[in-house]
Amino acid sequence: LRVVRTNGPIRLDGKLDEPVWAAATSTAPFVNTMTGAPSDVPATVRAAWDDTNLYVAFEIPDPFLKSRFSHADDHLWEEDCGEIMLDPDGNGMNYFELQASPRGTVFDTRYDSRRVPQPFGHVDWNSGMRTGVETRGSLDDSIADTGYTLELALPWTAFEAGDTPAPKPTVGSMWRANFYVMDARENGMVA
């Protein structure tokens, strides 16, 4: 995914109406992580950056918005949320998991290596991620919804944690990332 530089401010409101979002490349619709087939949730992501932050925008179609969690580091993956797994140097060491819900709640953790420490990494780590959300529907009711947009700002300084800090990338740098959506349904979850 090509990440474009923004020269203007980005308002974190979930509206994606700044010029940078029109210029940013979008991912293809998400696929099922187990089969590679089209996902039941054809979400997409775009990304941008400036000297201070990495910006990520999720556009998530969703007919049933469920997001009861309201405290930082609640188990957001149990309901609707967008998730980023970010491994700056791609070696599986000192990588980051960041989630945001349609309520704007954040879960963030850092791992030394694959799922170490158990069970949820260094949950005491705080990324400083800020969120903006626009929901198209209402949370936690039985009325049909159409989805939500997450707009995230991740400060580059957040990635200086751990034994191998990741310096802010320069033009042409490549970081490894995966993007996911957790989707609560009336009768269970889809990831």
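Parameters and conventions
Residues numbered from 1 in each chain as written. Predicted model: local features only at pLDDT ≥ 70, side-chain atom pairs only at ≥ 80, totals over all residues. Heavy atoms only, no water. Salt bridge = Lys/Arg side-chain N within 4 Å of Asp/Glu carboxyl O. Buried < 20%, exposed > 50% of the residue type's maximum accessible area, 1.4 Å probe, protein only. Helix = DSSP H or I, 4+ residues; strand = E, 2+ residues; numbered from the N terminus. Phe/Tyr/Trp six-rings, centres within 6.5 Å; stacked < 30°, edge-to-face > 60°. Pairing = 2+ DSSP bridges. Core = buried A, V, L, I, M, F, W, Y, C linked by side-chain atoms within 4.5 Å.

A. The arrangement of the pattern of salt bridges in detail. Inspection of every chain in the model, using the stated rule, returns eleven salt bridges. Measuring nitrogen to oxygen at the nearest pair gives 3.9 Å for the salt bridge that ties arginine 11 to glutamate 18. Taking the relative accessible area as the measure of exposure, arginine 11 reaches 49% and is therefore partly exposed. Here glutamate 97 and arginine 115 are joined by a salt bridge, their closest N and O atoms 3.1 Å apart. Highlighted residues: glutamate 97 in strand β5 (residues 95-100) and arginine 115 in the loop between β6 (106-111) and β7 (130-136), separated in sequence by 18 residues. Each of the salt bridges in this network shares a partner with another, and the network as a whole consists of Arg11, Asp13, Asp17 and Glu18.

B. Representation of the packing of aromatic side chains in the model. Taken as a whole, this structure holds nine aromatic pairs when the rule is applied. For the ring pair phenylalanine 96 and phenylalanine 159, a centre distance of 5.0 Å and an interplane angle of 75° mean the geometry is edge-to-face. Separated by 63 residues along the polypeptide, phenylalanine 96 in strand β5 and phenylalanine 159 in the loop between β8 (147-155) and β9 (176-185) bring together distant segments of the chain. Among the residues examined, phenylalanine 96 registers a relative accessible area of 0% and is labelled buried. Classification of phenylalanine 159 by relative accessible area gives buried; the value is 0%. An aromatic cluster is built from Phe96, Trp125, Trp156, Phe159 and Trp175, whose rings are joined through pairwise contacts.

C. Representation of the pairing of strand β2 (residues 44-49). Burial analysis of β2 places six of its six residues in the buried class, the great majority of the element. Burial along β2 is two-sided: Thr44, Arg46 and Ala48 and Val45, Ala47 and Trp49, pointing in opposite directions, are all buried. Where strand β1 (residues 4-5) and β2 come together, two bridges link them in parallel fashion. Residue arginine 5 lies in a different strand from β2, and its bridge partner there is tryptophan 49. Here β2 hands over to strand β3 (residues 53-61) after three residues, the two strands then running antiparallel side by side.

D. Structural context of the pairing of strand β4 (residues 81-87). Across the seven residues of β4, seven count as buried, placing the element largely inside the fold. Neither face of β4 is open: one carries Cys81, Glu83, Met85 and Asp87, the other Gly82, Ile84 and Leu86, and all of them are buried. Sheet topology places β4 next to β9; seven bridges connect them, and they run antiparallel. Considered in β9, the bridge of glycine 82 is made with valine 181. Pairing of β4 with β5, which is carried by five bridges, proceeds in the antiparallel orientation. Bridging across to β5, leucine 86 finds its partner in phenylalanine 96.

E. Inspection of the nonpolar core at higher detail. Phe58, Ile60, Ile84 and Leu154 are the most contacted members of the largest nonpolar core, which has 28 residues in total. Of all the elements in the fold, those that place two or more residues in this core are β2, β3, β4, β5 and β8. Grouped together as the second largest cluster of nonpolar side chains are ten residues, Val20, Trp21, Ala57 and Ala153 included.

F. Structural view of the sheet that holds β3. Within the open sheet, the five strands sit side by side as β1-β2-β3-β8-β7. Their pairing is mixed. Strand pairing shows two members of the sheet lacking a second neighbour, β1 and β7, which therefore form its edges. Two elements, β7 and β8, share seven bridges in a ladder whose sense is antiparallel. Counted as the bridge partner of threonine 131 is leucine 152 from β8.

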